[in-house]
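Tertiary structure, described
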Amino acid sequence: MGLVHFKPTHNGNYKTTENENNVSNFLNTVADDLKRNDCHELSAIITAVTGFEAKMRGSAIVGFGSYHYLYESGRAGDAPLAGFSPRKNAIVIYLSAEFKDREVLLGKFGKHKTGKACIYFKRLQDIDLGVLKQMITNSVESIQNLYG
């Protein structure tokens, strides 16, 4: 299964390390009013779908739930089941790179771009929220089935 590989930051901590920083305070630092409101709404959506409260991961990722992964190489770590980050040009959602009906759902998702396990969009109004919820559900199920 393809997972996002986060590189260590300068102090050796991973960008996905959960911490006690306040999610709402972080989201309130988003300069663009529309993006800030979208991020607060997205946080509420992901909480409702996953049942996990939002937690900061590193300095710029909002994560939901957690799982421990172990690769055949021996590399191991913890990562959020789902997450997102407001970026300068888009909001990025972190889901599994492989989940049930991924390509079909992305085809119905709305205006977006994809990376290996990342989905980028500019505004919530540009995407289908029902499809987003199904992608989150399928991704979390996929990760939980793989990692328990």
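Every value quoted in this text rests on a predicted model; they were computed, and no experiment measured them.

A closer look at the pattern of salt bridges
Applying the stated criterion across every chain, the model contains 5 salt bridges. Two residues, Arg36 and Asp33, come together in a salt bridge whose shortest N-O distance is 2.3 Å. Residue Arg36 and its partner Asp33 are located together in helix H2 (residues 33–50), separated by 3 residues, close to a single helical turn. Residue Asp33 is classed as partly exposed on the basis of its relative accessible area of 46%.

Let's talk about helix H4 (residues 129–147)
An α-helical turn contains 3.6 residues, so any two residues separated by three or four positions project in the same direction. Compared with an ideal rise of 1.5 Å per residue, which puts 19 residues at 27 Å, H4 spans 27 Å between its outermost C-alpha atoms and is within 8% of the ideal. Listing the buried residues of H4 in full gives Val131, Leu132, Met135, Ile136, Asn138, Ser139, Val140, Ser142 and Ile143. Against the buried residues of H4 lie H2, strand S3 (67–70), strand S6 (91–94), helix H3 (102–109) and strand S8 (118–121). The N-cap of H4, judged by a side-chain oxygen 2.9 Å from the amide nitrogen of Gly130 a few residues on, is Asp128. Of the residues one or two after H4, Gly148 is the one with positive phi, at around 80°.

Quick notes on the nonpolar core
In terms of nonpolar packing, the biggest core is built from 35 residues, with Leu42, Val62, Phe84 and Met135 touching the most fellow members. Examining the composition of this core, we find that 6 residues originate from one element, H4, more than from any other.

Some points on unusual backbone geometry
Although it is not a glycine, Asp101 adopts a positive phi angle of roughly 60°. On the secondary structure map, Asp101 appears in the loop between S6 and H3.

Considering the packing of H2 against H4
Viewed as axis vectors pointing N to C, H2 and H4 meet at an angle of 50°, and their least axial separation amounts to 10 Å. Here H4 runs oblique to H2, going by the angle between their axes. The handedness of the crossing between H2 and H4 is right-handed. On H4, the residues touching Glu41, Leu42, Ile45, Ile46, Val49 and Thr50 of H2 are Leu129, Leu132, Lys133, Ile136, Thr137 and Val140. Its residues assigned to classes, the contact of H2 with H4 comprises 8 nonpolar, 2 polar and 2 charged.

Focus on the side chain of Asp38
As for its placement among the helices and strands, Asp38 is situated in helix H2. Among the polar contacts made by the side chain of Asp38, one reaches the side chain of Arg123 at a distance of 2.7 Å.

Observations concerning the sheet that holds strand S2 (residues 61–64)
Read from one edge of the open sheet, 6 strands run S1-S2-S5-S6-S8-S7, paired in antiparallel fashion. The two strands at the open ends of the sheet, each matched to only one other strand, are strand S1 (54–57) and strand S7 (113–114). Where S6 and S8 come together, 4 bridges link them in antiparallel fashion. Note that in S8 the partner of Ile93 across the bridge is Ile119. Contacting S1, S2, strand S5 (82–86), S6 and S8, H2 runs over the sheet at an angle of about 175° to S5.

Some details on the confidence of the model for the protein
Overall, the predicted model of the protein reaches an average pLDDT of 89, with 90% of residues at or above 70. Averaged pLDDT values for the elements of the protein fall to 86 in S3 and rise to 98 in H2. In the predicted structure, residues 1–13 sits below a pLDDT of 50 and forms 27 contacts with residues beyond four places in sequence or in another chain.

What counts and what doesn't
- For every chain, the first residue of the written sequence is number 1, and numbering continues from 1 along that sequence.
- Under the rules for a predicted model, residues below a pLDDT of 70 receive no local features and side-chain atom pairs below 80 are neither given nor counted, while totals for whole chains, interfaces and linings still include all residues.
- Hydrogens and water molecules were not included; the side-chain quantities draw on all heavy atoms of the structure.
- Here, a salt bridge means any Lys or Arg side-chain nitrogen found within 4 Å of an Asp or Glu carboxyl oxygen.
- Labels follow the DSSP assignment, with helices taken as runs of H or I lasting at least four residues and strands as runs of E lasting at least two, numbered in each case from the N terminus.
- Think of it in three bands: with a 1.4 Å probe and only protein chains considered, a residue is buried below 20% of the maximum accessible area for its type, exposed above 50%, and partly exposed in between.
- How far a helix is expected to stretch is found by multiplying one less than its residue total by 1.5 Å.
- Throughout, a contact is declared for two residues whenever any of their heavy atoms are within 4.5 Å.
- In the analysis that follows, any N or O atom pair within 3.5 Å is treated as a polar contact, provided that within protein one partner can donate a hydrogen and the other can accept it, and provided that, for residues neighboring in sequence, both atoms belong to side chains.
- Residues enter a nonpolar core if they are buried and are Ala, Val, Leu, Ile, Met, Phe, Trp, Tyr or Cys, with the set joined through side-chain atoms within 4.5 Å.
- To obtain an axis, a line is fitted to C-alpha atoms, over the contacting stretch when the element is a helix, and the angle between two such axes runs from 0 to 180 degrees between their N-to-C directions.
- Angles are sorted into four bins: roughly parallel if under 35 degrees, roughly antiparallel if over 145, roughly perpendicular if 65 to 115, and oblique for all others.
- Should the near helix be turned anticlockwise from the far one by less than a right angle, the crossing is left-handed, and should it be turned clockwise, the crossing is right-handed.
- Under the scheme applied, nonpolar residues are Ala, Val, Leu, Ile, Met, Phe, Trp, Tyr, Cys and Pro; charged residues are Asp, Glu, Lys and Arg; polar residues are all the others, including Gly.
- A pair of strands is labelled paired if DSSP reports no fewer than 2 bridges between them.
- Confidence of the predictor at the level of single residues is given by pLDDT, which spans 0 to 100.

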